Amino acid sequence: MKIFHTADWHLGKLVQGVHMTEDQRFILEQFIAAIDEEQPDVVIIAGDLYDRAIPPVEAVDLLDDILNKITLQRKIPVLAIAGNHDSPTRLRFGQQLMEQAGLHIAGDFSEHQRPVVLNDEHGEVHFHLIPFAEPATVKAVLQDSTILTYDDAMKKTIEQITPTLDANARHVAIAHAFVTPNGEKQENTSDSERPLAIGGSECVDAHYFAPFHYTALGHLHQTHYVLNETIRYAGSPLKYSISEAAHEKGFLIIDLAADGIVTVTKQPLIPRRNLRIVEGTLQEILQHKESEDYVFIRLTDITPVIGAMEQIRTVYKNALHVERKAIVVEREKEQVIMRDQLDERTLFQGFMKEMTGDEPSQYALQLFDEALQELLQEEREEETVE
């Protein structure tokens, strides 16, 4: 069975105040062209179809158009799950009707999520859709008071699935989570992706996915595998921040053999406008060939430059940000860190030390972590109900 694995479309995304909808349409039309060329049996979208719970009309229209082209016009099933940016309730609207057309979307977490069963010449392939859910939600649904973290939630969820696995079928998991080799804390692959939790409690152990022949993940924006090559992130199809400038964007083509062995091919997607970093003096940059790329400018001029952005946009009309590299280097020498580069926990520690003269105790940090986690959860819930 040939599977297209993609994720983190973030339709409706703004980058430095610039709407990315037309760039997203361009890249997704390229995705449709790849479908026509490769003829996959199924398309997986592993969460974050939208960038926020209440997406703009243009984003809704774009998703409707793309899904229509895949499922109705090309008769290829699409399996999608809600990510942490999506509204589960909105995604599952018309679920029964859509499933008849080959569109299967798992929005809300359910105790008895039935697999989607597809067939090829070798038999059945069972797709297990695990939408993003807060630990508190999983705890309530499964009625298990031991679930406190995202790791707990995923472990218990897969423990619910494992006894039902058909030994005669091949199994694919679809999940949206921060998965690391052993559940240890790691840095995010993009600063455009909001944290799920704080203090490393968002991380999930990759070993839980061992029962599946392939695991299609979403959430992290850089394509990579975790623990082994059968547990993979497809990454986002577009660059959404300066931290993603070096990423190679695209999607994954998975060939699932009769014996469950997978072969993975990375398929690049070429954006209408690249997002990149440009360095040089103002006069050097003004000599560059005109470009419509989205650029972050780092000026190497030693002295301040008046009206830099206005001049730069005569060459790079879609320049997003400009800064002087000399200032950045000086900050690094002095080990000065700007506040907007710090996470909330570090800011709290600095504040407490400045106010009291001492580092906060472990108990104080624990209370802060719990309070911040509640705020993060409330923020996502408020986005959903607005």
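Shown above is the structure to which this text applies.
Residues numbered from 1 in each chain as written. Predicted model: local features only at pLDDT ≥ 70, side-chain atom pairs only at ≥ 80, totals over all residues. Heavy atoms only, no water.

Draft legend 1. Here's a closer look at unusual backbone geometry. Positive phi, normally seen in glycine, also occurs at aspartate 8, with a value near 55°. Inspection of the secondary structure puts aspartate 8 in the loop between strand E1 (2–6) and strand E2 (14–15). Despite not being glycine, aspartate 48 has its phi angle at roughly 55°, a positive value. Note that aspartate 48 resides in the loop between strand E4 (42–45) and helix H2 (57–73). (Helix = DSSP H or I, 4+ residues; strand = E, 2+ residues; numbered from the N terminus.)

Draft legend 2. Spotlight on helix H6 (residues 150–161). In a regular helix each residue adds 1.5 Å, so twelve residues correspond to 16 Å; H6 covers 17 Å between its end C-alpha atoms and thus fits that length. All of the buried residues in H6 are Tyr150, Asp151, Ala153, Met154, Thr157, Ile158 and Ile161. The buried side chains of H6 occupy one side of the element, clustering within an arc of 160° when seen end-on. Where H6 begins, the side chain of threonine 149 points an oxygen toward the backbone nitrogen of aspartate 151, at a separation of 3.3 Å. (Expected span 1.5 Å × (residues − 1). Buried < 20%, exposed > 50% of the residue type's maximum accessible area, 1.4 Å probe, protein only. Arc of directions from axis to C-beta. Polar contact = N/O pair within 3.5 Å; in protein donor to acceptor, adjacent residues only side chain to side chain.)

Draft legend 3. Focus on the nonpolar core. Within the largest apolar cluster, 38 residues are counted, with the highest numbers of intra-cluster contacts made by Val43 and Ile70. Those residues in contact with isoleucine 70, other than ones at most four positions away along the chain, are Phe31, Ile32, Ile35, Val43, Lys75, Ile76 and Val78. (Core = buried A, V, L, I, M, F, W, Y, C linked by side-chain atoms within 4.5 Å. Contact = heavy atoms within 4.5 Å.)

Draft legend 4. Inspection of the environment of glutamine 160 at higher detail. Structurally, glutamine 160 can be placed in helix H6. Among the residues examined, glutamine 160 registers a relative accessible area of 36% and is labelled partly exposed. On a C-alpha basis, the gap between glutamine 160 and glutamate 111 in space is 7.8 Å, while along the polypeptide they are 49 residues apart. Apart from the residues within four sequence positions on either side, glutamine 160 is in contact with Glu111 and Leu142.

Draft legend 5. Layout of the pattern of salt bridges. Inspection of the entire model under this criterion finds 17 salt bridges. In this structure, lysine 69 and aspartate 65 form a salt bridge, with 3.4 Å as the shortest nitrogen-oxygen distance. Linking lysine 69 with aspartate 65, this pair stays in helix H2, spanning four residues, or about one helical turn. On the accessibility criterion, lysine 69 (16% relative accessible area) is buried. Salt-bridge contacts for arginine 298 lead to glutamate 323; the nearest nitrogen and oxygen are separated by 3.4 Å. (Salt bridge = Lys/Arg side-chain N within 4 Å of Asp/Glu carboxyl O.)

Draft legend 6. The arrangement of the packing of aromatic side chains in detail. Scanning the entire structure with this criterion turns up five aromatic pairs. Seen in terms of ring centroids, phenylalanine 4 and phenylalanine 251 are 4.8 Å apart; in terms of plane orientation they differ by 45°. Their pairing is tilted. With phenylalanine 4 in strand E1 and phenylalanine 251 in strand E15 (residues 250–256), this pair connects stretches of sequence that are 247 residues apart. Note on accessibility: phenylalanine 4 and phenylalanine 251 belong to one class, buried. Of the aromatic side chains, those joined through ring pairs into one cluster are Phe4, Trp9, Phe31 and Phe251. (Phe/Tyr/Trp six-rings, centres within 6.5 Å; stacked < 30°, edge-to-face > 60°.)

Draft legend 7. Structural context of empty space enclosed by the protein. On inspection of all chains with the given rule, the structure shows one cavity of 30 Å³ or more. Considering the residues around the largest cavity, the lining is formed by 14 residues, among which Pro131, Ala133, Tyr150, Ala153 and Met154 are closest to the centre. Here the lining of the largest cavity gets four residues from one element, more than from any other, and that element is H6. Grouping the constituent residues of the lining of the largest cavity by class yields twelve nonpolar, two polar and no charged. (1 Å grid on protein atoms, 1.4 Å probe; cavity = no way out; pocket = protein on both sides within 12 Å on 5 of 7 lines; lining within 4 Å. Points joined across faces, edges and corners; volume = space filled by probe spheres on them. Nonpolar A, V, L, I, M, F, W, Y, C, P; charged D, E, K, R; others polar.)

Draft legend 8. Fine view of the sheet that holds E4. The mixed open sheet is built from six strands, whose spatial order is E6-E5-E4-E1-E15-E16. In the strand order of this sheet, the two ends are held by strand E6 (103–106) and strand E16 (262–268), each with one partner. Geometrically, the sheet is characterised by an average inter-axis angle of 20° between neighbouring strands, direction not taken into account. Each of E1, E4, E15 and E16 is contacted by helix H1 (residues 21–38), which is oriented at about 170° to E1, the strand it contacts most. (Pairing = 2+ DSSP bridges. Axes fitted to C-alpha atoms, helices over the stretch in contact; angles between N-to-C directions.)

Draft legend 9. Main features of the pairing of strand E7 (residues 116–120). Of the two faces of E7, only one is covered, namely that formed by Val116, Leu118 and Asp120; the face formed by Val117 and Asn119 stays uncovered. In sequence, E7 turns back onto strand E8 (residues 123–130) through a hairpin of two residues.

Draft legend 10. Region of the structure containing the sheet that holds strand E18 (residues 294–299). Reading across from one edge, E17-E18-E19 is the order of the three strands in this open sheet, with parallel pairing throughout. The two strands at the open ends of the sheet, each matched to only one other strand, are strand E17 (275–280) and strand E19 (319–324). Within the sheet, the average angular offset between the axes of one strand and its neighbour, ignoring direction, is 15°. Bridging between E18 and E19 involves five bridges; their strand directions are parallel.

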